[in-house]
Amino acid sequence: MSNTDNHRKTSEPRWLGPASHGRTALVPPISAARWLLVLIVAAGIYFFHGFLVPVLAALVIGFASWPVYRELLRRVGGNNSVGATVALLLIIAFLIVPIFIAASYTASEIREWFGWAVEVNKVGAPVPDWIAALPGVGPWISEQWIRYIGTPGAIGEVIQLVSGANIGNIYRAIVAAGNGAFHLILTLLFMLIALFFVYRNGVSFARQIDLVGERILPTRWERISRVVPATISSTVTGMTLIAIGEGIILGVAYWIAGVPSPVTLGVLTGVMALIPGGAPLSFTLVSVYLVASGSVAAGVGLFAWGSIELFIVDKTIRPRLVGGPIKLPFLPTFFGLVGGVKTMGFLGLFIGPVLMALLVAVWREWVREVEISTIEGETIEAEADIEAPPPLRKTAS
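Residues numbered from 1 in each chain as written. Predicted model: local features only at pLDDT ≥ 70, side-chain atom pairs only at ≥ 80, totals over all residues. Heavy atoms only, no water.

1. Considering the overall build of the chain
Let me state the cut-off plainly: What counts as a helix is a DSSP run of H or I of at least four residues, what counts as a strand is a run of E of at least two, and both are numbered from the N terminus. For the exposure calls, accessible area comes from a 1.4 Å probe over protein chains only, and a residue counts as buried if that area is under 20% of its type's maximum, exposed if over 50%, partly exposed in between. Here, residues are in contact when the closest pair of their heavy atoms is within 4.5 Å. Exposure was quantified through the Shrake-Rupley algorithm and a 1.4 Å probe, taking into account, for residues, occlusion by the shown protein chains and nothing else.
Of regular secondary structure, the chain possesses 16 helices and zero strands. Buried residues in the chain amount to 30% of all 397 residues. Taking the contacts inside the chain whose residues are at least 6 apart along the sequence as the reference set, 69% of them involve residues at least 24 apart. Taken as a whole, the chain presents about 26,400 Å² of accessible surface, with 69% of it coming from carbon and sulfur.

Shown next, in the form of structure tokens:
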């Protein structure tokens, strides 16, 4: 190629204008790259925030089940695609399907409750005999029952006073809420797709995050990056999975004891088990109901079974499964549960406590660093005082 052709090629205007060389950049290249990365991340969050919940749920489940997945991957010969597929099928079989079955039974039982409330709101309902026979508080509860339940239209007046809506509107809204099942199924589908890629490409993705994290937090990243997976595994295993197990076991106990709507009460017990002291409160109230309604043997047996199950879980199973660095106090656990459900719906039961546990873990790491730096500073000052020569004393003239 001749010099004339090179000159013609370099002198031709580019698509975005002619190139200029030798000029000083207004913004340093590193700063420009960082701001460009921030803008791209912000744009991605804005456009794809609808997928944030299923992706977070996939990451939480992937972190919690990663030790089991590594063993599964070893058994299938290290094939990531086969291992991810088998792990996904196991998640569907042992987690998604039971949750859907319990949710369908719960929805039907709640629909029956609202149907009963609508009928009672029309004609009223007499005070049950076991309530009137309660020692001490029976007459007072009977009076309140007649005022707020026994009189026709009383339930609707209470609901309208509290929420500003009529019981018929609430019932229709509950029935229409079944249409939201499609949205839940779609969210679970995206979660399973994201979980497949978390299993298949998790190692390489974690390596890339480590490279970026060491550039952003060079002194803290190694410790925080090791605390986060252990915290997620501890929280999900120690809170969510054990809560699901307690809900299933106590739900079966409710069914054996003859409690009305055992599936719904089992789901409520599982949700309450996420909060410290929630499971004992649940089966104690159900036991009191059985004893008060005349089933003394069933109530006592249910309370004894719940106490034994709780003792076994708290003393043997939970310490073996948890083994993590974080034990959440009551208030962060409660806020994580309520905030997760309010923000993310059903999946917030899993994600809310995990995010709160991560906040507590990062906070404790920073407090630990401050304490270590304070101790090191005091040690250096003490060593400096020891090594310093004594001050010279002036002699009297």
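2. Overview of the side chain of E246
Mapped onto the fold, E246 is located in helix α11 (residues 221–257). The residues touching E246, leaving out its near neighbours within four places in the chain, are G251, A273, A279, E309, L310, V313 and R318.

3. Quick notes on a nonpolar patch on the surface
Selection rule: Any residue with relative accessible area above 30% and no salt bridge may belong to a patch, with like charges joined within 9 Å and the nonpolar Val, Leu, Ile, Met, Phe, Trp and Tyr side chains within 5 Å. Any Lys or Arg side-chain nitrogen found within 4 Å of a carboxyl oxygen on Asp or Glu counts as a salt bridge.
A contiguous nonpolar patch, built from Y46, F47, F48, F51, V55, F182, L186, L189, F190, I193 and F197 and spanning about 1,100 Å² of accessible area, is present on the exposed surface. For the nonpolar patch, the elements supplying multiple residues, two or more each, are α2 (29–47) and α10 (181–216). Here the nonpolar patch gets six residues from one element, more than from any other, and that element is α10.

4. Re the packing of aromatic side chains
Our working definition: Only rings of Phe, Tyr and Trp enter the pairing, Trp through its six-membered ring, and a pair is recorded when the two centres are within 6.5 Å. The plane angle decides the type: under 30 degrees is stacked, over 60 is edge-to-face, the rest tilted.
Enumeration over the complete set of coordinates arrives at six aromatic pairs. Seen from their ring centres, F196 and F197 are 5.4 Å apart, and the 85 degrees between their planes marks the pair as edge-to-face. Residue classification places F196 among the buried residues on the basis of a relative accessible area of 18%. Of the residues examined, F197 reaches a relative accessible area of 39% and is grouped as partly exposed. Members of the aromatic cluster, each reached through a chain of ring pairs, are W66, Y69 and Y199.

5. Focus: the environment of G238
Note that G238 resides in helix α11. Given the relative accessible area of 3%, G238 is considered buried. Once the C-alpha coordinates of G238 and L274 are considered, the two residues, 36 residues apart in sequence, prove to be 9.3 Å apart.

6. As for the nonpolar core
Note that soluble globular proteins tend to have their nonpolar side chains buried in a common cluster. We count it as follows: What is meant by a nonpolar core is a set of buried Ala, Val, Leu, Ile, Met, Phe, Trp, Tyr and Cys residues, joined one to another through side-chain atoms within 4.5 Å.
One finds I61, Y69, I91, M191, L195 and Y199 to be the most contacted residues of the largest nonpolar core, which totals 22 residues. The element that contributes the greatest number of residues to this core is α10, accounting for seven residues. The next biggest cluster of nonpolar side chains, apart from the first, holds 10 residues, and it includes Y254, V286, L290 and L302.

7. Things to note about the environment of S225
Tracing the chain through its elements places S225 in helix α11. Under the relative-accessibility criterion, S225 is labelled buried at 13%.

8. Observations concerning the pattern of salt bridges
Note on pairing: side chains with opposite charge can pair once their charged atoms come close. All chains considered together, the criterion is met by three salt bridges. When the shortest N-O distance is used, the salt bridge between R74 and E71 registers 2.5 Å. Here E71 and R74 lie together in helix α4 (residues 66–75), a separation of three residues that amounts to about one turn. For R74, a relative accessible area of 56% translates into the label exposed. A relative accessible area of 33% means that E71 is categorised as partly exposed. When the shortest N-O distance is used, the salt bridge between E71 and R75 registers 3.3 Å. Of this pair, E71 and R75 are both found in helix α4, four residues apart, which corresponds to roughly one turn of the helix. A cluster of three or more residues bridged by salt bridges with shared partners is formed by E71, R74 and R75.

9. Observations regarding the packing of helix α12 (residues 262–273) against helix α13 (residues 278–292)
Keep this limit in mind: Helix axes are fitted only over the stretch in contact, all axes being lines through C-alpha atoms; the angle between N-to-C directions runs from 0 to 180 degrees. Note on angle classes: values under 35 degrees are labelled roughly parallel, values over 145 roughly antiparallel, values of 65 to 115 roughly perpendicular, and the remainder oblique.
Packing of α12 against α13 leaves a shortest axis separation of 7 Å and a crossing angle of 150 degrees. The pairing of α12 with α13 is recorded here as roughly antiparallel in orientation. Within the contact between the two elements, α12 uses L265, T269, M272 and A273 and α13 uses G278, A279, L281, S282 and V286.

10. Structural notes on α4
Using the following cut-off: Regarding the arc, it is the one traced by the directions from the helix axis to the C-beta atoms.
Three or more residues of α4 are buried, namely Y69, L72 and L73. Here the buried residues of α4 occupy an arc of 100 degrees about the axis, which is enough to place them on one side. Along α4, exposed side chains directed more than 90 degrees from the buried face belong to V68, R70, R74 and R75. Downstream of α4 by a residue or two, G77 has a phi angle that is positive, lying close to 80 degrees.

11. A closer look at α13
Going by this rule: Given the number of residues in a helix, its expected span is that number minus one, multiplied by 1.5 Å.
In this model α13 runs 21 Å from its N-terminal to its C-terminal C-alpha over 15 residues, within 8% of the 21 Å that 1.5 Å per residue would give. Taken together, the buried positions of α13 are occupied by G278, A279, S282, F283, V286, S287 and L290. Seen end-on, α13 carries its buried residues on one side only, within an arc spanning 165 degrees. Those residues of α13 that are exposed and angled more than 90 degrees off the buried face are L285 and V288. A positive phi of about 105 degrees marks G294, the residue just after α13.

Everything listed here is a matter of geometry and, on its own, says nothing about what the molecule does.
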